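Take a look at the letters that make up each chain.
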Amino acid sequence: MENEQNESINIQDVFPNLQPIKKAPSMYMVNGIGTNVYGKRDYHAQTGAYLKTYCLAIFFIPIIAIRAYRVCDAQNGGWHFLGREPLSGFAKGWNYLLLSSIVGLISFAAWADYVNSPEYRAKQNLAKAQAYMEEGNTTAAVDRYIAVAKSYTSYAQTGRQELNDFVANLDKQPLNNVENILDVFKKNYFKGCDEALSTQLSKLVTTNAQSEPLTSYKLYKRANDLAKKKQSDPKLKLQLLEAIVSKHPQETKYASELAVIYEQQKRWEDCEKILAPHGKKLVKYEGARILGQIYAQKGKLEQSDALLVPYVNRGIDDLKRIEQEYNNVWRASQDQALSLFNYQYRYDRTTPQEELRKKFQIFFQKHLKKDPKVQAKLEEYRDAVQIVHVAMDLGMVKLYLARTEKQESVRAKKLQDVEKLFLSIQSAAGSSDRYQLTLGQVYYWMGKKEQGKKQFAEFLKQNAGNATKSLQLAKIYRELGDGDEALKLAKEAYEKSTLDADKKSAAEICAVSAVNTEEKIEWLKKTDLTSPHNSASLNSVLGDKALAEGDNENAKKYLLKAISSYQKQHKNSTTLNNEALVHYSLFGLDGNVKHINNTARLLEEAVSLSPNSSIIIRNAYLYMMIKSFCDVTGPKVDFKNFQEQLTSRILQFFYRDRKSKQQILKKLKKNPTFVKAMSYMKKSMILSPESIDTYSTAAKMYYLLKDHEGMHGLLTQLRSIKKYLPQNAYSGVGLAPYASVFQQQVDHYKTLANSKNPMTIALAKSNYIYYSLLLVQCGVAVNHQDLQKLAEQIYTNAPSQATRQNLINCHLLQTHVAMLKNKDYKSNVAKYDKQVAHQHLIAVALRNYPQLKSLILANKNFVKAVKLLKESSQEFPKSTKILHWTLLSSANQQKEAMLQNFKSSQLQALQEINATLSPVSIPVLLESYWFYEALGQKERAQQLVNDYQKRGVPFPK
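What you see is a predicted model; the values in this text were computed from it and never measured. (Residues numbered from 1 in each chain as written. Predicted model: local features only at pLDDT ≥ 70, side-chain atom pairs only at ≥ 80, totals over all residues. Heavy atoms only, no water.)

A look at the overall build of the chain
Helix and strand content of the chain: 46 helices and five strands. On C-alpha atoms alone, the chain measures out to a radius of gyration of 48 Å, which is more than a quarter above the 30 Å that the 2.2 N^0.38 rule sets for 957 residues. Every one of the 957 residues in the chain was classed for burial, and the buried ones make up 48%. Surface exposure of the chain reaches about 48,900 Å², of which carbon and sulfur atoms provide 51%. One way to put it: in the chain the 132 positive side-chain charges average out to a point 6 Å from where the 94 negative ones average out. (Helix = DSSP H or I, 4+ residues; strand = E, 2+ residues; numbered from the N terminus. Rg over C-alpha atoms; globule rule 2.2 N^0.38 Å. Buried < 20%, exposed > 50% of the residue type's maximum accessible area, 1.4 Å probe, protein only. Areas by Shrake-Rupley, 256 points an atom, 1.4 Å probe, with all protein chains shown as cover. Lys, Arg positive; Asp, Glu negative; His and termini not counted. Charge placed at Lys NZ, Arg CZ, Asp CG, Glu CD.)

A look at the packing of aromatic side chains
Taken as a whole and judged by the stated rule, the model has 24 aromatic pairs. When the centroid spacing of 6.5 Å and the interplanar angle of 35 degrees are considered together, the rings of Y43 and Y50 count as tilted. Here a set of aromatic residues connected by ring pairs shows up, and it is made of W330, F341, Y345, F360, F363 and F364. Positioned over the ring face of W523 is K526, at 4.4 Å from the centre of the ring. A cation over an aromatic ring shows up here: R951 above the ring of Y948, its NZ or CZ 4.8 Å from the ring centre. (Phe/Tyr/Trp six-rings, centres within 6.5 Å; stacked < 30°, edge-to-face > 60°. Lys NZ or Arg CZ within 6 Å of the ring centre and 35° of its normal.)

Re the sheet that holds strand β2 (residues 33-44)
Backbone-to-backbone hydrogen bonds join strands into a sheet, with any given pair of strands oriented parallel or antiparallel. One open sheet holds the five strands; their spatial order is β1-β2-β3-β4-β5, and the pairing between them is antiparallel. In this open sheet, the two strands that pair with only one neighbour each are β1 (29-30) and β5 (79-85). With two bridges joining them, β1 and β2 adopt antiparallel strand pairing. When the sheet's bridge partners are listed, M29 is paired in β2 with G34. (Pairing = 2+ DSSP bridges.)

Some remarks on the environment of I808
With respect to the element layout, I808 can be found in helix α37 (residues 801-819). With a relative accessible area of 1%, I808 lands in the buried category. Once the C-alpha coordinates of I808 and T35 are considered, the two residues, 773 residues apart in sequence, prove to be 136 Å apart. Ignoring anything within four residues of it in the chain, the contact list for I808 reads A865, L868 and L869. (Contact = heavy atoms within 4.5 Å.)

A closer look at the pairing of strand β3 (residues 49-58)
Across the ten residues of β3, eight count as buried, placing the element largely inside the fold. Where β2 lies against β3, seven bridges are found, and the strand directions are antiparallel. Within β3, the residue paired with Y38 across the bridge is T53. In textbook terms, the turn of a hairpin is the stretch between consecutive antiparallel strands, and for β2 and β3 this stretch comprises four residues, one of which, G48, has a positive phi near 75 degrees. By the bridge criterion, nine bridges tie β3 to strand β4 (residues 61-73) in an arrangement that is antiparallel.

Describing the UniProt feature "transmembrane region" (unreviewed entry) in the chain
The residues that UniProt annotates with the feature "transmembrane region" (unreviewed entry) are residues 51-72 and 93-112. The span residues 93-112 is 100% helical and 0% strand by assignment, and the distance between its end C-alpha atoms comes to 28 Å. (UniProt positions renumbered as here; feature names shortened; annotations may be inferred.)

Regarding the environment of F931
Among the secondary structure elements, F931 is positioned in helix α45 (residues 922-934). Taking the C-alpha atoms as reference points, F931 and Q157, separated by 774 residues in sequence, lie 95 Å from one another. Apart from residues lying up to four places away in sequence, F931 is in contact with I882, F902, L907, Q908 and Q911.

Here's the deal with the domain arrangement of the chain
When cut into domains, the chain gives domain 1 (11-116), domain 2 (257-298), domain 3 (308-428) and domain 4 (736-903). The C-alpha centroid of domain 2 is placed 91 Å from the C-alpha centroid of domain 1. (Domains from an automatic or database assignment.)

A short note on the pairing of β4
In this antiparallel pair of consecutive strands, β3 and β4, the connection spans two residues, and F59 shows a positive phi of 55 degrees. Of the strand pairs in this sheet, β4 and β5 are connected by six bridges, and their pairing is antiparallel. The residue bridging R70 from the neighbouring strand is G83, located in β5. Once β4 ends, the chain turns through five residues before running back antiparallel as β5, passing G77 with a positive phi of about 100 degrees.

Looking at helix α16 (residues 372-384)
In this model, α16 (13 residues) spans 18 Å end to end at C-alpha, consistent with the 18 Å of a helix rising 1.5 Å per residue. The inward-facing, buried residues of α16 abut α14 (301-344), α15 (353-370) and α17 (387-403). The opening residue of α16 is D371, an N-cap whose side-chain oxygen sits 3.0 Å from the backbone nitrogen of K373. (Expected span 1.5 Å × (residues − 1). Polar contact = N/O pair within 3.5 Å; in protein donor to acceptor, adjacent residues only side chain to side chain.)

Some remarks on the layout of surface pockets
In this structure, the second largest pocket encloses a volume near 1,200 Å³. Taken together, 41 residues line the second largest pocket, and the ones lying closest to its centre are E263, R289, Q293, V390 and D393. Residue composition of the lining of the second largest pocket, grouped by class: 18 nonpolar, eight polar and 15 charged. Domain assignment of the residues forming the lining of the second largest pocket places at least three in each of domain 2 (257-298) and domain 3 (308-428). (1 Å grid on protein atoms, 1.4 Å probe; cavity = no way out; pocket = protein on both sides within 12 Å on 5 of 7 lines; lining within 4 Å. Points joined across faces, edges and corners; volume = space filled by probe spheres on them. Nonpolar A, V, L, I, M, F, W, Y, C, P; charged D, E, K, R; others polar.)

What about the packing of helix α5 (residues 138-150) against helix α7 (residues 175-187)?
One way to put it is that α5 packs onto α7 with a least axis distance of 9 Å and a crossing angle of 20 degrees. Considering their axes alone, α5 and α7 lie roughly parallel with respect to each other. Of the two possible hands of crossing, α5 and α7 adopt the one that is right-handed. Between α5 and α7, the contacting residues are T138, T139, V142, D143 and I146 on the first element and N177, N180, I181, V184, F185 and K187 on the second. Looking at the contact of α5 with α7 residue by residue, the class counts come to five nonpolar, four polar and two charged. (Axes fitted to C-alpha atoms, helices over the stretch in contact; angles between N-to-C directions. Parallel < 35°, antiparallel > 145°, perpendicular 65-115°, else oblique. Left-handed = near helix turned anticlockwise from the far one by under 90°.)

Thoughts on helix α18 (residues 408-424)
An α-helical segment advances 3.6 residues per turn. Residues three or four places apart therefore align on the same side. Taking 1.5 Å per residue, 17 residues should reach 24 Å; α18 reaches 24 Å between its end C-alpha atoms and fits that length. Turning to α18, its buried residues are R411, L415, V418, E419, L421 and F422. Along the long axis of α18, the arc covered by the buried residues comes to 160 degrees, so they all point the same way. When the buried face of α18 is taken as reference, the exposed residues oriented beyond 90 degrees from it are S409 and K420. (Arc of directions from axis to C-beta.)

Section: the confidence of the model for the chain
Low pLDDT means the predicted atomic positions in that stretch should not be read closely. Looking at the chain, the pLDDT average stands at 85 and 95% of residues meet or exceed 70. Per-element averaging of pLDDT across the chain places helix α1 (residues 2-7) at the bottom with 45 and α37 at the top with 93. Note on residues 1-6: pLDDT is under 50 here. Beyond four places in sequence and across chains, it has zero contacts. (pLDDT = per-residue confidence, 0-100.)

Digging into the pattern of salt bridges
Throughout the structure, instances matching the rule amount to 29 salt bridges. Of the charged contacts, one joins R321 and E325 as a salt bridge, the two residues approaching to 3.3 Å between their closest N and O atoms. Of the two residues, R321 and E325 both sit in helix α14, four residues apart, roughly one turn of that helix. Ionic pairing is found between E604 and K676, a salt bridge with its closest N-O pair at 2.5 Å. Taken as a pair, E604 in helix α28 (residues 593-609) and K676 in helix α31 (residues 672-687) lie far apart in primary sequence, 72 residues in all. By the burial criterion, E604 is buried, and K676 matches it. Sharing partners across several salt bridges, the network here consists of D318, R321, E325, K377 and E380. (Salt bridge = Lys/Arg side-chain N within 4 Å of Asp/Glu carboxyl O.)

Okay, structure coming up:
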C-alpha cells in the first residue's frame, strides 16, 4: 500500500521550482579552496529531500553561494541530486552584499590611489601652501612648497619657482621667523635654494648686525653652512661677536668664540677682559684654554690651573677615545687591504715572501690614503692631539706650583700629580724610544735627576753602538741645558760612527753645542754644507765673528745671506729660532729696532710650534726681555752695538729717583712683550733645571720688581733641586782669562763714545768705564784718574742711578789705589784683588783692620763715594746692596735705617739664592756673611764660611 502511494508522487508537483539537471555539479577542493555543497534546509519529510547550497569556498569556508540543489541522501554516503532550485533570499542577499563590498573596495582603492597620487598631493600641497602664505603662516607654507618642489610631478617646477620667489624676498620676513624657516629647509633636506638663501641671509645679517647681533650671528653661521664655498667674512664675524658680547655679556659661549679670534690676532688683553668674568663657566669652551694660558703667562698659576685641569682632562679622554677609534678603523682597513692584496696575488707562486711584504706595504699605504673612514678619523685625531700642547702647558704650571710649594708633603703629592699628567699624554709620543727619552726628560723637569739619568742610561744600553740614537739623546741633553753632556755624546758619535750621514749629524750638534766661535766654525765645516740649514748656520756664525772683530761690512753680508737662506727653507721652530738670532745680530750691527722686533716676532712663532723646546723658550725670554727694555726706554738711545749690555741694567740710565724709577717699572710691567718674557723665563726654569743663568736672571728681575711671591717661589724651587745644580770647583784665577775680551770691549766703546746722541754717549762711556774696571781686576793697568774724570763728566751731563754707580766705583778705585801704598793693605787685603773687586776689598779693610779704617775714612775719594752712596740709599732705601750698607755702616752712615730693610724676607731670600747659584764666589760669600752677621745670625754666617771653605774658597779677613 505504502509503495503504491510513493510511486504515485509526482516530483515536479511536490517541488514546482525544481529544474532538472543532466549531472551533478563539480565539487573539487585543493588545500581547502574550491567548490562544495553546504547546508541543509527545506527538508521534505515524505520524500526525504532537502536543499543544499553549492558554494565557492576558501579554506573550507563558503564565500559565494552559486546555486541551490535538491538532494537526497545516498545509501552509501553522498547525495542524489534531484535538480536545481533558486537560491534562498539570504544567499542572494549575501551575494549582493559581498559583490557590493567588492565593488566598494575597488572603488575606494581607486579613489585612495587617486588622492594619494603624487600629482594630487602636489596639487593639494600647492593649494595649502598658497593658503598658508595668505594667512601669514610662512613656515607652514615653505614646508608645503618644499614638498611640492621635491615631488616628481608636473607641479614641481611651480613649487621650486614659488620657493625661489619666497627666498628672493626673505629679507622682508621678521628676523625671529627666519630661523624657523631655515629649520624647515634643513628638516626637509632641501638644497635647491642654498645659494640664494646664503645670499639673502648675508643681507639680513648685514642689515641687523647691530640691532639683533645674537640672531644675526646664528644666521651668519647658517649662511656660511649653506654656501657651496664655505668662505666666512672674518670682519663681519668679529663685528657680530663683539656686538653680542657687548649686548649679552653673560653669554659664555659667544665670549669664548670671540676670544678665539682675539687669540689669532694676539689681542691677549682683550681675551682676558672678555673671558675673566665667566670664570669656571668657561670649562666647556675654548675660552678655558685661552684664559688658562694667559694666566700662566702672567704668573697667575692657581687660576690657570683651575681652568686648564677640567679642559685638559676632557681633552685627554677625547684623545684616548679617538685614538682607539682610529686604531680600530686602521686595523679594519689593513684587513681589507690584505684581503684585496691576497686576491690580487692569489696565483703568484714565484715572488719571494719578503718582496711580497714590501709590495703589500706600498699597496696598504695607497689603500689608507683612499680609505675615507681612515682619513676622516685621522683628521679627527689630528685635531684631538692638539690637547697634548695644552696638557704640556698645564704640566709646566703644575710643575712650577709643585716646585715652589713650601710644605714637603704637599709638594710630593703635587709632583705625583704632575708625573701622572705627563704620563697620561705620552701615547702621542709614538715609539717606545721616544717615550723613554720623554720620560727621562720629565724626570729632569721634576727634579728627579737620578731617575732621568737612569732612564737615559737604559736607552743608551738598549741602543749600544747606534749613533743615531746617541744623537737623539744628545739633543735631549742640550734641551735640558746640559751642553757639556750633549757635546760629549755628539763627539763620541762622530768618532765612532762609520756612516757619513751620522758623522755630519753629529757635527751639527757639536757646532750648536760649542761655546767658542772658532770651534763652531770648525764643526760647521764638517757638516753637510749642501744643506741650506747648515750653510745658513755657517753664514750666521761667520757674520757674528766679523761683527765681533769690527768688520761690519762682511758681518752684514754674511748675516743677510743667512736670513735669505732661512726664509727660503721650510718654516719650522728651528729655522724661525735661528733666523731670529740673525736678526738680533743685525740689531747689534745697525741698531734698527725693526730687527729686535723681528727677533721677538720670530721667536714667539717658534715657541708656538715647539712650546716645550728649552732652547727656544730660553732664547724667547732673553730676547723678548731685551725688546721690552727697548720698548720702555724708547727712541732715546741708538742701540747700535749695544746688544751685549741690554739687560735690566740699562733701565738704571733712565731714572735717578724713586718717582722716575716707579714710572719706568710701571711701563715695564704693562709691556706685553715683557709679560710674555717673564712667563717664558718661568717655563725655562722648568725645562732647563740646571741653567744657572736663568735662575740668576729671575732673581734679579724679581728683586727689581719687588715680586715677593716670585722670589720666594724661586727660592723654594732652588732648595728642591739644589743638589743637582752644577758645582764648579774654585779655580782662584778670577777674571784674568777674560782680559782680552774686556780690552776688546773697552776699545769698542771708546770709539762708540763719539756718537751725537747724548744718551748713547752716556751709555757708551759708562760701558767703557765698566769694562775698564773689569780690566783692573784682571791686573791690567788703566788710567784711574781719567776714568774718574770721565765718570764725573757723565754723571753731570746725564745724571742717573747707573752713572752715579759708575762714579761711586771710580771713587772707590781711587781709594783702593791710594791704599795700595800701605803695606798692611797690600799684604793682607790686596792679595785677593784677582778674585775680588776693589769695592769689596775696601769693605774688607774697613771691617777687619782698624788701623786701615781710619786711613780709608780720611780719603777724600772715599768721602765722595760715601756721599753718593748715602744719596742713593735715601732715594732707594729698599734696594740698597749689602756691599753699600757695609761701606756706609763702617762710615757710621744710616746704619740702623738700612738694617731695618735687611730684615725683609725678599732680601733674605735673595741672599740665599745668590749663595746657592754662586757656591765658589768670594764676593757672594762676603756679602752673605756680612748680611747674616748684621742680622745677628752669627752661627749661620760662620756655617756659610765653613761651607765655602770646604769647596776651597778663601775667606778674606
